[in-house]
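So the chains spell out like this:
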Amino acid sequence: MATYKVKIWRQSGPNANGHMERHIVKGIDGDMSFLEMLDHLNEDLEEQGKEPVAFDHDCREGICGACSLVINGQAHGPETTTTCQLHMRSFEEHNVSEIDIEPFRATAFPIIKDCVVDRSGFDRVIQSGGFVSVNTGNAPDANANAIPKPEADTAFDAAACIGCGACVAACKNASAMLFVSAKVSHLAHLPQGDAERRERVHSMVNTMDKEGFGSCTNYGECEAACPKSISTDNIATLNREFIRSKVGPTT
Amino acid sequence: MSSNSSNSVPCGMTTVGAKMLVALTGMALILFVIAHMLGNLQVFLPGDELNQYAHKLKSMGPLLWVARIGLLSVFVCHVGLTIALTRRNAKARGALSSNEIQIRATGERYVNGYSYETATTASRFMIHTGIVIFLFVIYHLLHFTISPDHPPVAGDELIDVKAMVIEGFSHSIVAGVYIIAQLALAAHIYHGAASALQTLGLRTDSTKPGVSKAGILLAAIIGIGNISIPICVLTDIIS
Amino acid sequence: MKLDAKIPEGPIQDKWANHKMAMKLVNPANKRKYKVIIIGSGLAGASAAATMGELGYNVDCFCFQDSPRRAHSIAAQGGINAAKNYPGDGDSIYRLFYDTVKGGDFRSREANVYRLAEISNQIIDHCVAQGVPFAREYGGLLANRSFGGAQVSRTFYARGQTGQQLLIGAYQALSRQIAAGTVQMHTRSEMLDVVVDDNTAKGVIVRNLVTGQIESHAADAVVLATGGYGNVFYLSTNAMGCNVTAAYRAYKKGAGFANPCYTQIHPTCIPVSGEHQSKLTLMSESLRNDGRVWVPKELGDKRKPDEIPENERDYYLERKYPSFGNLAPRDIASRSAKEVCDEGRGVGNTGLGVYLDFRDAISRLGEDTISARYGNLFDMYERITAENPYQNPMRIYPAVHYTMGGLWVDYNLMSTIQGLYVIGEANFSDHGANRLGASALMQGLADGYFVLPQTIADYLASLGSDHQRTPIEDQAFVDAEEAVKSQVNTLLNINGRRTVDSFHKELGRIMWENCGMSRTKSGLETAIEEIPRLRQEFWNDVKVNGTADNLNMSLEKAGRVADFLEFGELMCRDALAREESAGGHFRAEHQTSEGEALRNDDDFCHAAVWEYTADDEAPVRHREELDFENIKLATRSYK
């Protein structure tokens, strides 16, 4: 059982001033997940009649992408995983007893409360073109189109993105290029995505800019912070798609 | 979160389009730097080659001006877009509120901060090395091209470039400035070259190993090539 | 309560086609005049919202998460079934239908299941067209695997993230409609009541979770796609936010709740590590293809697994079910694990766990092969437990995973309230008493993409040309809004001593002990006494901090736990009334001499549908008799 000195961002609303609040959290087992440590803190706060710290979380198995904390300066903390799959033993083993917790900050991710941010900008990027325009109904037989396995695998690697926003939080420019490129690349590698590939990349990049995300300066921090190890190769793919949309042959 | 005039990219470009122009102009500038270096390295040749090369350039007449204007516009485009993007990026990251500045002043480690995991030092200081190069270019033009204090060459209006170079670099401060600027340039190219290939979508599975080496190689060649001249002057290898 | 399943006439394979022809259509020009509210954005909700939007209806979709992409469908790992018969191993629509009815222990409605099997193929076609990256063979065609003991390979999958890929597909289709303006998306919004007038759904009352605003939304039809209620057990594999509130509030407004006791307990979850545990993690049951399940023969044997010699190990599944062995169905594998732990032979610190051992598979196939098959699962296990499963056997224990019960719906997916539809896990329709592996995704998408958009048109068209939507100024809305506000204020003003979570944990313990894997009359009766006591304590002594006018996660949780505290009792009543063992419902009194589930087809071949009466009155149990015209009732045997 370990004790941690926790400092956590408290901000009562979108326009309020925030501050780092100090807490001593006792009785933490190495098998507890990071969010269970915060549950523990929140139970203490509730018992004292104080408002618990708000943070986003849902599936707690690393797939929904809701959890979003910057832990000691790193999006999702020191390991390549989501905040919910980070365990306290990872601090215990490295004798880290002070933990600073902050939201995923970016101008395009305004804070709603405490560590909860608004990531709807990502949804709007997808709405602007991150789909295949096919209505429910009479799609051709699923095996009508053979897709080479390597292409399908590459598409899958890109499609594994969980939309958590760690790439934006980790980027000094708050760029969303890894997120946007993952979707562009997923659909660009499949024949289903071919018909709309020109408009897609164009429209998604425009929306990304409009939402106020920064530009990519190829630091690679996004890839390092990504819990699903989405590769910056996708950014090169997006760039190729972008050039193609400008100068490539119209099909 | 809609854009406003101060955080948009010039000429209605997207950030991706702007980055591509930065990459293209950067590559053009690298080519210029290489050509410039190859010209200068003729200082190591025993005879009058450097001066002849300089005179040949000078005698190009209007063509020279076309080249100069072309180079200048590439340079302005590269610098201007980079400044616009950098400002935009700072906005995207979010300025510290006065409250956050206060909190940070109390010694908080991470308020609105982030720790780097993989970004190279060169990549993090691109704008800084860029500014150093920019200032250096101005100094360099004043020093060697525009400055009227060239030592005259007997019986001709042309100048003795080789003598001028040797004379200039024999001052350790001048040589020092050049060396520092060339180190900044090498660092800039180290990240910039690889980054430009990525931005232009030229980094693919097959080119990947080459791309990361391209930056190192170009930086090393240009750095060593350019720095060798003041070093050799200072150590009297060229005289 | 009148239960008319509205099953179409005709032979089973023609019912859906005939029905589609018989249903009224809405004129394309009129579609946008109809407003449909969809609650939930998982596979069922997102696919329904997208399709209704494509058809031109005016759709409002609500979810409590910050984005529709985060609904819990995303966590499904294994795959999605379809009767494509691509491998040519003898599969057919009829076989999928047969397997699903049998797997559901003959407690589902034949016509619905047949339709599900029929639609399964269209789902795969549509998802591939959307760009869902299913696994492929080297030839570029889709790969299939066998799953959950099925004797044909009919499961399509996308690594271990099938749910994620299908949900993202539906989310993208939904996003396209949001951009087109046909669907208005309301995120971070929780439905707290359905507005019903004259037994017809008129709209919903929603709390905006960011501003705390209580809002009324009127519609011509309301669709609940709000998932399952496994979190009544506190610990389950469900996401933290999964809840019964929308379904339960609909029940209190007159929708019948069918078979709430049918709970699927998944055998291969990571055991609880301590009091702090907030949720349980499932590992794909494909692990049982190569892992061997065992416990020590001796009671309380605390030796390390590698110190226990072969002859002192009890491979109890292989011993009890020689032909299926470690691949025995989920309910049987789960119950057997509980039995050996109850005997005191469980492993790990808590004694609540059994070994799943890959030692023999590794020595037979090599570590590389095992890693290629299960690498991501082994990594996940190691991340959570800090134990290396290549060196030590995994510890597993069953956990609540899926709930087959749900709001009763007819063939059109309409509940007992007119114009209130229920789709996906939230309804009771297709899985009977037990769901087969890889069938949940299939049902959610069948309902959302292909069934609801067709059947809802029939209802909307029947409203007539002079139909007027009830305005939100109507008394029905005003009253419902008042009731919701008053509950919010009550919760905030109790100001007691106990936290919401402490009540939820206590309820979970009562439910798990008495209404979990094995149920008894006396246990259920105890629970039916204890839950009202706990509920009363909750309303006297709960402590909810903060205010109602902004993001207040304790308040959200308090409302959900308040509903679980009522719903848990309903589950126990249903389990008590069902005097038989069937699928996910095992009554210790009803078993064979060998400890197998014993169905009672004479008295219980029906869906039990509960009607709410009043807060302090027992609900009324109705029945929908189930006719098996195509498949003969038989006893499941896995010996």
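Bear in mind the structure is a predicted one, so any value in this text is a computation, not a measurement.

### Focus: the environment of His55(B)
Residue and element names in this part refer to chain B. Residue placement: His 55 occurs in helix α2 (residues 49-58). Taking the relative accessible area as the measure of exposure, His 55 reaches 25% and is therefore partly exposed. Sequence spacing of His 55 and Ile 159 is 104 residues, and the spatial spacing of their C-alpha atoms is 8.4 Å.

### Considering the sheet that holds strand β7 (residues 200-208) of chain C
Residue and element names in this part refer to chain C. As summarised here, the arrangement of the three strands in space is β6-β7-β8, forming an open sheet in which the pairing is antiparallel. The outermost strands of the open sheet, each flanked by one partner alone, are β6 (189-197) and β8 (214-218). Each strand of the sheet is rotated relative to its neighbour by a mean of 25 degrees, with strand direction disregarded. Two elements, β6 and β7, share eight bridges in a ladder whose sense is antiparallel. Counterpart to Val 195 in the pairing with β7 is Gly 203. Sheet strands in contact with helix α13 (residues 475-494) are β6, β7 and β8, and its direction is about 150 degrees off that of β8.

### What to know about helix α14 (residues 500-515) of chain C
With 16 residues, α14(C) should cover 22 Å at 1.5 Å per step; its first-to-last C-alpha distance of 21 Å lies within 8% of that length. All of the buried residues along α14(C) are Val500(C), Asp501(C), Phe503(C), His504(C), Glu506(C), Leu507(C), Gly508(C), Ile510(C), Met511(C), Asn514(C) and Cys515(C). On the buried face of α14(C), the contacting elements are α1 (34-47) of chain A together with β18 (498-499), α15 (521-541), β19 (542-543) and α16 (553-577) of chain C.

### Some remarks on empty space enclosed by the protein
Considering all chains together, one arrives at 17 cavities of 30 Å³ or more under this definition. The space that makes up the second largest cavity amounts to roughly 710 Å³. As for the second largest cavity, its lining consists of 39 residues, and the residues nearest its centre are His57(A), Met240(C), Met553(C), Lys557(C) and Arg560(C). Of all the secondary-structure elements, those providing two or more residues to the lining of the second largest cavity are α1 of chain A together with α14 and α16 of chain C. With seven residues, α16(C) is the single largest residue contributor to the lining of the second largest cavity.

### Some points on the side chain of Asn434(C)
Residue and element names in this part refer to chain C. Examined against the element boundaries, Asn 434 turns out to sit in the loop between β17 (420-422) and α12 (440-462). Looking at Asn 434, its side chain comes within polar contact range of the side chain of Gln 264, at 2.9 Å. Once you skip the residues sitting within four places of it in the chain, Asn 434 turns out to touch Gly 103, Gly 104, Gln 264, Met 404, Gly 583, Gly 584 and Arg 636.

### Re the state of the cysteines
Each disulfide is one covalent bond, formed between the sulfur atoms of two cysteines. A full pass over the atoms with the stated rule returns zero disulfides over all chains. The closest cysteine sulfur to the non-disulfide-bonded Cys77(B) is located on Cys11(B), 8.5 Å from its own sulfur.

### A closer look at the interface of chain A and chain C
Often, the extent of an interface is quoted as the loss of accessible area upon association of its parts. Facing the 74 residues of chain A at the interface are 72 residues of chain C. Among the residues chain A hides against chain C, the three largest losses belong to Asp58(A), Thr136(A) and Phe156(A). Together they make up 12% of the total. The interface formed by chain A and chain C contains six salt bridges. At the junction of chain A and chain C, the tally comes to 48 residue pairs in polar contact (both at pLDDT 80 or more). For the side of chain A that touches chain C, the class distribution of residues is 33 nonpolar, 19 polar and 22 charged.

### Let's talk about the packing of aromatic side chains
The final tally for this structure, using the stated rule, is 36 aromatic pairs over all chains. Judged by centre distance (6.4 Å) and plane angle (35 degrees), the rings of Tyr219(A) and Tyr116(B) are tilted. Of this pair, Tyr219(A) sits in the loop between α7 (197-210) and α8 (221-225) while Tyr116(B) is found in the loop between α4 (98-105) and α5 (121-124), placing the two residues in two different chains. Relative to Phe134(B), the ring of Phe75(B) has its centre 5.9 Å away and its plane inclined at 5 degrees; by these criteria the two rings are stacked. Of the two residues, Phe75(B) is situated in helix α3 (residues 62-93) and Phe134(B) in helix α6 (residues 126-146); the sequence distance between them amounts to 59 residues.

### A closer look at the side chain of Arg60(A)
With respect to the helices and strands, Arg60(A) occurs in the loop between α1 and β3 (69-71). Within the local environment of Arg60(A), its side chain forms a polar contact with the side chain of His57(A), the two groups lying 3.1 Å apart. In this structure, Arg60(A) is in contact with Leu35(A), Glu36(A), Asp39(A), Phe55(A), Cys84(A), Gln85(A), Met240(C), Ser278(C) and Lys279(C), ignoring residues within four places of it in sequence.

### Looking at the sheet that holds strand β16 (residues 406-407) of chain C
All names here are of chain C. Read across the sheet, four strands follow the order β16-β10-β20-β21 without closing on themselves; strand pairing throughout is antiparallel. Edge positions in the sheet fall to β16 and β21 (620-625), since each has one partner strand and no second. In terms of strand pairing, strand β10 (residues 257-258) meets β16 through two bridges, oriented antiparallel. When the sheet's bridge partners are listed, Phe 257 is paired in β16 with Leu 407. The strands touched by α16 are β10, β20 (606-611) and β21; relative to β20, the strand with the most contacts, the crossing angle is about 145 degrees.

### Observations concerning the interface of chain A and chain B
Counting from both sides, the interface comprises 50 residues of chain A and, opposite them, 42 residues of chain B. At the boundary of chain A with chain B, total buried surface from both sides reaches about 4,000 Å², with 46% on carbon and sulfur atoms. A salt bridge links Asp233(A) to Arg203(B); the shortest N-O distance between them is 2.8 Å. Run the count over chain A and chain B and you get 28 residue pairs in polar contact (both at pLDDT 80 or more). No other element matches the eight residues that helix α9 (residues 233-247) of chain A contributes to the side of chain A that touches chain B. In the side of chain A that touches chain B, the residues fall into 20 nonpolar, 17 polar and 13 charged.

### Describing the packing of helix α3 (residues 120-127) of chain A against helix α6 (residues 162-180) of chain C
α6(C) packs onto α3(A) with a crossing angle of 85 degrees between their chain directions and a minimal axis gap of 8 Å. The orientation of α3(A) relative to α6(C) falls into the category roughly perpendicular. Listed contacts from α6(C) to Phe122(A), Asp123(A), Ile126(A) and Gln127(A) of α3(A) are Tyr171(C), Gln172(C), Ser175(C), Ile178(C) and Ala179(C). Taken together, the residues that form the contact of α3(A) with α6(C) break down as five nonpolar, three polar and one charged.

Reading the values: rules and limits
- Residues numbered from 1 in each chain as written.
- Chains lettered and ligands numbered in written order.
- Predicted model: local features only at pLDDT ≥ 70, side-chain atom pairs only at ≥ 80, totals over all residues.
- Heavy atoms only, no water.
- Helix = DSSP H or I, 4+ residues; strand = E, 2+ residues; numbered from the N terminus.
- Buried < 20%, exposed > 50% of the residue type's maximum accessible area, 1.4 Å probe, protein only.
- Pairing = 2+ DSSP bridges.
- Axes fitted to C-alpha atoms, helices over the stretch in contact; angles between N-to-C directions.
- Contact = heavy atoms within 4.5 Å.
- Expected span 1.5 Å × (residues − 1).
- 1 Å grid on protein atoms, 1.4 Å probe; cavity = no way out; pocket = protein on both sides within 12 Å on 5 of 7 lines; lining within 4 Å.
- Points joined across faces, edges and corners; volume = space filled by probe spheres on them.
- Polar contact = N/O pair within 3.5 Å; in protein donor to acceptor, adjacent residues only side chain to side chain.
- Disulfide = S-S within 2.5 Å.
- Buried area = accessible area lost by both parts, 1.4 Å probe.
- Salt bridge = Lys/Arg side-chain N within 4 Å of Asp/Glu carboxyl O.
- Nonpolar A, V, L, I, M, F, W, Y, C, P; charged D, E, K, R; others polar.
- Phe/Tyr/Trp six-rings, centres within 6.5 Å; stacked < 30°, edge-to-face > 60°.
- Parallel < 35°, antiparallel > 145°, perpendicular 65-115°, else oblique.

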